[in-house]
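# Breakdown of the fold
Listed here are the chains, written in short residue letters.
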Amino acid sequence: MRPQIHLATAAQTRLYTMPRRAHQDGSFNVVSRLKVTGPLDTDRLEHAVGAVVARHSALRTTFAWQGDQVVQVVHATAAPSVFRELSPTDPTLAAGPGPAADQLARHLIDGPLDLDHGPLFRCTVLRSGEDTFDVFLVLDHIIVDERSKAIIIDDLCASYADPDVDLGPAPQLHEFTDHGDEDPEGPDYWTSRLTPLPPRPFPDVRPEDQRTAFKARVCEVRLGELPSKRLDAMAAAHRATPFSALLTALLRSIWRVSGVPDLNVAVVTDLRSQEEEFDTVGFFQNSTVVRETVNPEHSFAQTMDRVKRSVAGAIAHRHVPVGHLVASLAGGYGDKRNPLYQIGFAYSNADTERRWVLPGLTVQNVELEPVDAQIEVFLEINRVAEGYVGKLIHAVGSVQPERADQIVRIFEELLERAADDPGRDDGVASAQNAGPAHRH
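The structure contained in this document is the topic of the report that follows. (Residues numbered from 1 in each chain as written. Predicted model: local features only at pLDDT ≥ 70, side-chain atom pairs only at ≥ 80, totals over all residues. Heavy atoms only, no water.)

## Brief notes about the sheet that holds strand β1 (residues 4–7)
What counts here: Two strands are said to pair when DSSP picks up at least two bridges between them. For the purposes of this entry, the term helix denotes a DSSP run of H or I that reaches at least four residues, the term strand denotes a run of E that reaches at least two, and both are numbered from the N terminus. Only the contacting stretch of a helix is used when fitting its axis, a line to C-alpha atoms as for every element, and angles between N-to-C directions run 0 to 180 degrees. Pairs of residues are marked as contacts when any of their non-hydrogen atoms sit within 4.5 Å.
Read across the open sheet, the three strands follow the order β1-β4-β3; overall the sheet is antiparallel. Each edge of the open sheet carries a strand with a single partner, namely β1 and β3 (61–66). Averaged over all adjacent pairs, the angle separating strand axes in this sheet is 35°, with direction ignored. Strand contacts of helix α1 (residues 10–17): β3 and β4 (69–74), with the helix running at about 80° to β3, the strand carrying the most contacts.

Right under this line is the structure:
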């Protein structure tokens, strides 16, 4: 059966055409690594993977140019290489230091998926013992976002638990129109909001640093259960969301380290607006820019009030593709160094990887650290039962490790203080005393 051809969304077009794609690395890989203990039935898992791929057309999609437009090519059946099972002695595993599972993880994290030929979803099982397995799911970001990943996990678990289960029809990404043109006032809003662009808070990468500039380093972030509950209560009392409270702390932390008060933060935003889209596997995300100027005379609560208003304005115009803003406002800065998204922030009130439930098996998620940083500073926070947890991923060529550690320390301290008393001085020094980011 011939594949179906549909126009790519604006968000997919940007991911397909970004200069980073030419680097042939795994920058856009979404990877999960699971340590499974127990009698895993790999035939049953392969059947479950096939059922999920059959249900969601995004997992059977590749991309191509058609004239001057990028299109989605939706194939009728899955590629044969969607599922594979390996042993530690498999000749396809490259020789290297450490256990075979760690070698495979490094390969899958850094190895690109082929957008033109696929597959863009793969499940690899490494049998390391009689009842021990490493299971890897690898998807390209162009076909999946965080909500989509949760849908895939739920479907895989349901199909593995009962191979005869009827998962039912699912809405498909290509059935929905692109929302990019639904906001005629959006471009003018962003032009007025972002022009002129603020200064970059972190220094430019030196030419000699280019090859390793975006090597990633990760700093763990954690706010305990009780302080997290107090933070939630404080935000609610001020008619703000935890998202606004966390973003406020990030802005004030970046200012203290860089000395730059006028800041842009690219916020990962879900574009789903129709009920059917909530159950659809696909890429429904945009980077929405929140711009705010930190006033050292303001308390945390005062800053948060300004931030929540900035967030509301940005969300109201979230359907304007960030690629359009890059082209019109900051096209000369290159791919990773653009001031519109030198700093990024993502927040989720759920931990997707905890959704794994396979009967008779123990499933443990293994945290994976990225090889390359997508942008210079990216903060990712999840709300789980134990509190707020996350990580700050930074490009070592732009932000020195000690600076990144300082951002995290200040961020955690600000949240703890704000949870107790958001109206008092949060300990931020004056603008004249804020330390600028120094070069190596």
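## Quick look at the packing of aromatic side chains
The geometry of an aromatic ring pair is captured by two quantities: the separation of the ring centres and the angle between the planes. Worth spelling out the cut-off: By convention, a stacked pair of Phe, Tyr or Trp rings (six-membered ring in the case of Trp) has centres within 6.5 Å and planes under 30 degrees apart, an edge-to-face pair has planes over 60 apart, and any other such pair is tilted. Charge over a ring is defined by NZ of Lys or CZ of Arg lying within 6 Å of the ring centre and within 35 degrees of the ring normal.
Per the counting criterion, the structure on display carries six aromatic pairs. On the numbers, 6.1 Å between centres and 65° between planes, the contact of Tyr-16 with Trp-65 is edge-to-face. Taken as a pair, Tyr-16 in helix α1 and Trp-65 in strand β3 lie far apart in primary sequence, 49 residues in all. Through a chain of ring-to-ring contacts, three or more aromatic side chains come together here, namely Phe-243, Phe-345, Tyr-347 and Tyr-388. For the cation-ring pair, Arg-44 lies above Tyr-160, with the distance from its terminal atom to the ring centre recorded as 4.9 Å.

## Points about the pairing of β4
Heads up, the condition is: Only protein chains enter the accessibility calculation, which uses a 1.4 Å probe; a residue is then buried when its area is under 20% of its type maximum, exposed when over 50%, and partly exposed in between.
In terms of burial, β4 is a largely internal element, five of the six residues being buried. Of the strand pairs in this sheet, β1 and β4 are connected by four bridges, and their pairing is antiparallel. If you follow Ile-5 over to β4, its bridge partner there is Val-73. With six bridges connecting them, β3 and β4 associate as antiparallel partners. Looking across to β4, one finds that Gln-66 is bridged to Gln-69.

## Quick look at the environment of Tyr-388
Under the convention used in this document: Counting of polar contacts relies on pairs of N or O atoms within 3.5 Å, with two restrictions inside protein: one atom must be capable of donating a hydrogen and the other of accepting it, and residues adjacent in sequence are counted only when both atoms are side-chain atoms.
Within the element layout of this structure, Tyr-388 appears in strand β14 (residues 387–395). The spacing of Tyr-388 and Asn-264 is 124 residues in sequence and 23 Å in space, taken between C-alpha atoms. Once you skip the residues sitting within four places of it in the chain, Tyr-388 turns out to touch Val-221, Arg-222, Leu-223, Ser-228, Leu-231, Asp-232, Pro-242, Leu-246, Tyr-347, Ile-381, Asn-382 and Arg-383. A polar contact of 2.4 Å, which involves the side chain of Tyr-388, links it to the side chain of Asp-232.

## Side note on helix α6 (residues 225–237)
Test applied: A helix is expected to reach a length of 1.5 Å times the quantity of its residues less one. What the arc measures is the spread of directions leading from the helix axis to the C-beta atoms.
Its 13 residues give α6 an end-to-end C-alpha distance of 18 Å, which sits within 8% of 18 Å, the value for a rise of 1.5 Å per residue. If you check which residues of α6 are buried, you get Pro-227, Ser-228, Leu-231, Met-234 and Ala-235. Summarising the axial view, the buried residues of α6 lie within an arc of 120°, below the 170-degree limit, and thus occupy one face. For α6, the exposed residues set more than 90 degrees away from the buried face come down to Leu-226, Ala-236 and Ala-237. Positive backbone phi, approximately 55°, marks Arg-239, located one or two places after α6.

## Looking at the pattern of salt bridges
Stated formally: Should a side-chain nitrogen of Lys or Arg be within 4 Å of a carboxyl oxygen of Asp or Glu, the pair is scored as a salt bridge.
The full count for this structure, using the stated rule, is 22 salt bridges. Here Arg-55 ties to Asp-155 by a salt bridge, and the two come within 2.8 Å at their closest N and O atoms. Residue Arg-55 is located in helix α2 (residues 42–55), and its partner Asp-155 is located in helix α4 (residues 146–161); the two are separated by 100 residues in the primary sequence. For Arg-55, a relative accessible area of 19% translates into the label buried. Under the relative-accessibility criterion, Asp-155 is labelled buried at 9%. Between Asp-145 and Arg-272 there is a salt bridge, with the nearest N and O atoms lying 2.7 Å from each other. Of the two residues, Asp-145 is situated in the loop between β7 (132–140) and α4 and Arg-272 in the loop between β9 (262–270) and β10 (285–293); the sequence distance between them amounts to 127 residues. Judged by its relative accessible area of 4%, Asp-145 falls in the buried class.

## Here we look at helix α8 (residues 300–316)
Owing to its 3.6 residues per turn, the α-helix brings residues three or four apart onto one side. Along its 17 residues, α8 runs 24 Å from first to last C-alpha, staying within 8% of the 24 Å computed at 1.5 Å per residue. Buried residues of α8: Phe-300, Ala-301, Thr-303, Met-304, Val-307, Lys-308, Ser-310, Val-311, Gly-313 and Ala-314, and no others. Contact partners of the buried residues in α8: α5 (186–194), α6, α7 (242–258), β10 and α10 (401–420).

## Some words on the side chain of Thr-124
By the secondary structure assignment, Thr-124 is in strand β6 (residues 121–129). Residue class for Thr-124 comes out buried when judged on its relative accessible area of 2%. Polar side-chain contacts of Thr-124 include one of 3.2 Å to the side chain of Arg-84. Residues contacting Thr-124, with those up to four places away along its chain left out, are Arg-84, Leu-86, Leu-104, Asp-134, Val-135 and Phe-136.

## Observations concerning the packing of α2 against α4
In plain terms, the rule: To sort the angles, those under 35 degrees are grouped as roughly parallel, those over 145 as roughly antiparallel, those from 65 to 115 as roughly perpendicular, and the leftovers as oblique. Definitions for this section: a left-handed crossing has its near helix turned counterclockwise from the far helix by less than a right angle. A right-handed crossing has that turn clockwise. When residues are sorted by character, Ala, Val, Leu, Ile, Met, Phe, Trp, Tyr, Cys and Pro go into the nonpolar class, Asp, Glu, Lys and Arg into the charged class, and all the rest, Gly among them, into the polar class.
One can describe the packing of α2 onto α4 by two numbers: an axis separation of 8 Å at closest approach and a directional angle of 135°. Overall, the two elements α2 and α4 adopt an arrangement that is oblique. Seen along the crossing, α2 lies across α4 with a hand that is right-handed. Between α2 and α4, the residues in contact are Arg-44, Leu-45, His-47, Ala-48, Val-49, Ala-51, Val-52 and Arg-55 and Ile-152, Asp-155, Leu-156, Ser-159, Tyr-160 and Ala-161, respectively. Tallied by class, the residues present in the contact of α2 with α4 amount to nine nonpolar, two polar and three charged.

## Focus: the state of the cysteines
Where two cysteines share a covalent bond between their sulfur atoms, that bond is called a disulfide. To be explicit about the condition: When two cysteine sulfur atoms are found within 2.5 Å, that pair is recorded as a disulfide.
Using the criterion set out here, one finds zero disulfides in the structure. Looking at Cys-123, it has no disulfide partner, and the nearest cysteine sulfur is the one in Cys-157, 12 Å off. Owing to a relative accessible area of 1%, Cys-123 belongs among the buried residues under this scheme. The class for Cys-157 is buried, based on a relative accessible area of 9%.

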